[in-house]
Amino acid sequence: MALGDGRLHYTLHLTNNCNLSCNYCYVNKKDISTMSIGVAKKVVEAGASENGSTNIAFFGGEPLLCKDTIYQAVEYARWKERQSNCRFHFKVVTNGLLLDEEFIEFSRREHIFIVLSHDGIKEAHDKNRVDINGKGTFDCLSEKISLLLSSHPYAPVMMVVNPDTASYFSESIKYLYKRGFKYIISSLNFTGCWTEDTLDALKREYQKIAEFYYEKTLLEDKFYLEPFETKISSHIKGENYCIENCTFGKKQVSVSPDGFIYPCVQFIGEDAFVIGHIASGIDEVKQNALFRANQEEKESCIECKIRTRCNHYCGCLNKQTTGHIDRISPVLCAHERMLLSIADRLAHKLFKKRNAMFIQKHYNDIYPFLSMIEDSILSKGKS
């Protein structure tokens, strides 16, 4: 069964249950639901029917609460690969507490990409990433980081910046880099209570991070930091940036534990945004209508000079911050203006230096492919 009119990639929300109780978490844990292996296998069958390469991400809640489902789904996918002309690539986004030798070995054997969620230094991490008893989890994760990076040295880390942790932002980036993470993906909790003071603190921290990025790039150290990479790319790509940035249910969909299909992660459980079911396929009329609605220019953005470089096209982010896909948060607007200015100055300095790492990263179309090969070779050399 092929879902939709083109190749889809899937995010499987294995459960809304979690062993943490993060203060900024958006997942509704009121009624705990867990995906059956039957639903997971239906997703694999959908990917296999398209005869090509399909990405499947295991998401939550905390997906490692459902390790058996992951094991069985991957095993079934590998069996499908032997039966037909298909290929699967897997990713797990985890808080890390349930990482162990067994799962790490499984991930190595099956080439599963592991993404860790971590908010940086102890003062920042423990403010919001707490267990169900309200205790911080920084100390528990120290050995888990070592375990992960010893086997997956190029694993990325995702961090959330909250108003109450903004002042720790640059220290947290440097801490994660020092621990060995070369791919750091930072994002704001846009629903937090941001004020003029906390936004000013955020701006100062971004400026410090820009200096750190500049120093590492001059040394030609491999270091990727979002959102700087994306914002620099948005300048280079120009008007094509927004088109490539959000496909809203066209290329990537989210599957709930009970098999319903949504355009993105923030919409799980929202009946108005159901675009199909894994057993019956996608309602393409509804899928296309939501896609077009998300692509329409927002009235408040029509005259904005940075609109082609801004994340205001992200329906998932708009829904999270305003409750509507066609409304823009004032915090998002302030953040984009602040960040673009800092990223542009950083890019200008590096371009003026004709820095080889910077030029290759942002102007050589095949650099991501070459970098991936290099990471693979170096990773094998360390094993």
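The structure presented is a predicted model; accordingly, all values stated were derived computationally and were not measured. (Residues numbered from 1 in each chain as written. Predicted model: local features only at pLDDT ≥ 70, side-chain atom pairs only at ≥ 80, totals over all residues. Heavy atoms only, no water.)

Colleague: For the nonpolar core, give the residues involved together with the corresponding values.
Modeller: Side chains of a nonpolar character, in soluble globular proteins, are inclined to be buried together. The biggest cluster of nonpolar side chains holds 92 residues, and the ones touching the most others in it are Phe-58, Ile-184, Leu-202 and Phe-228. Among the elements that take part in this core, helix 12 (residues 330-352) stands out by supplying nine residues, more than any other. Leaving out residues up to four positions away in the same chain, Phe-58 has contacts with Leu-12, Leu-14, Pro-63, Ile-70, Ala-73, Val-74, Phe-90, Lys-91, Val-92 and Val-93. Formed by six residues, the second largest nonpolar core is a distinct cluster that contains Cys-18, Leu-20, Cys-22 and Leu-97. (Core = buried A, V, L, I, M, F, W, Y, C linked by side-chain atoms within 4.5 Å. Buried < 20%, exposed > 50% of the residue type's maximum accessible area, 1.4 Å probe, protein only. Helix = DSSP H or I, 4+ residues; strand = E, 2+ residues; numbered from the N terminus. Contact = heavy atoms within 4.5 Å.)

Colleague: Any details on helix 7 (residues 196-218)? Residues and values, ideally.
Modeller: Under the 1.5 Å per step criterion, the end-to-end length of helix 7 is 33 Å for 23 residues, consistent within 8% with the ideal 33 Å. Once helix 7 ends, the next one or two residues include Glu-220, with phi positive near 60 degrees. (Expected span 1.5 Å × (residues − 1).)

Colleague: How would you sum up unusual backbone geometry? Please name residues and give values.
Modeller: The phi torsion of most residues other than glycine is negative, and most of the peptide bonds are trans. Put simply, Gly-60 and Gly-61 share a cis peptide bond, and its omega is 10 degrees. Looking at the secondary structure, you find Gly-61 in the loop between strand 2 (53-59) and helix 2 (67-83). Along the chain, Glu-226 connects to Pro-227 via a cis peptide bond; the corresponding omega equals 15 degrees. In this structure, Pro-227 sits in the loop between strand 7 (224-226) and helix 8 (228-237). In the Ramachandran plot, His-111 falls in the positive-phi region, its phi being about 55 degrees despite a non-glycine side chain. Under the relative-accessibility criterion, His-111 is labelled exposed at 60%. The phi angle at Arg-354 is positive, at roughly 55 degrees, despite the residue not being glycine. Structurally, Arg-354 is set in the loop between helix 12 and helix 13 (356-363).

Colleague: Any details on a nonpolar patch on the surface? Residues and values, ideally.
Modeller: On the surface, Ile-236, Phe-351 and Tyr-363 cluster together into a nonpolar patch covering about 260 Å² of accessible area. On the secondary structure map, Tyr-363 appears in helix 13. (Patch = residues over 30% accessible without salt bridge, like charges linked within 9 Å, V, L, I, M, F, W, Y side chains within 5 Å. Areas by Shrake-Rupley, 256 points an atom, 1.4 Å probe, with all protein chains shown as cover. Salt bridge = Lys/Arg side-chain N within 4 Å of Asp/Glu carboxyl O.)

Colleague: Residues and numbers for the packing of aromatic side chains, please.
Modeller: Tallied over the entire structure, the rule returns 16 aromatic pairs. Between Tyr-71 and Phe-103 the ring centres are 6.1 Å apart and the planes differ by 35 degrees, which places this aromatic pair in the tilted class. With Tyr-71 in helix 2 and Phe-103 in helix 3 (residues 101-109), this residue pair connects regions lying 32 residues apart in the sequence. Comparing Tyr-71 with Phe-103 shows no difference in burial state: the two are buried. A centroid spacing of 5.9 Å and a plane angle of 85 degrees characterise the contact between Tyr-213 and Phe-228, whose relative ring orientation is edge-to-face. Note that Tyr-213 is positioned in helix 7 and Phe-228 in helix 8, a separation of 15 residues in sequence. Across the pair, Phe-228 and Tyr-213 agree in class, each one buried. Through pairs of rings, three or more aromatic residues link up here, namely Phe-169, Tyr-177, Tyr-206, Phe-212, Tyr-213, Phe-223 and Phe-228. In this structure, Lys-41 packs its charged tip against the face of Tyr-76, placed 5.0 Å from the ring centre. Seen from the ring of Phe-351, Arg-354 lies directly overhead, with NZ or CZ sitting 4.4 Å from the centre. (Phe/Tyr/Trp six-rings, centres within 6.5 Å; stacked < 30°, edge-to-face > 60°. Lys NZ or Arg CZ within 6 Å of the ring centre and 35° of its normal.)

Colleague: An account of the pattern of salt bridges is needed here, citing residue identities and associated values.
Modeller: Summed over all chains, the structure comprises twelve salt bridges. Two residues, Lys-122 and Asp-126, come together in a salt bridge whose shortest N-O distance is 3.1 Å. Residue Lys-122 and its partner Asp-126 are located together in helix 4 (residues 122-128), separated by four residues, close to a single helical turn. Its relative accessible area of 37% is what places Lys-122 among the partly exposed residues. Between Glu-336 and Lys-231 there is a salt bridge; the shortest N-O distance is 2.5 Å. In this pair, Glu-336 sits in helix 12 while Lys-231 sits in helix 8, placing the two residues 105 residues apart along the sequence. Taking the relative accessible area as the measure of exposure, Glu-336 reaches 1% and is therefore buried. A relative accessible area of 1% means that Lys-231 is categorised as buried. Here the salt bridges do not stand alone but share partners, grouping Arg-78, Glu-81, Arg-87 and Glu-110 into one network.

Take it as geometry only, folks, not as evidence of what the structure does.
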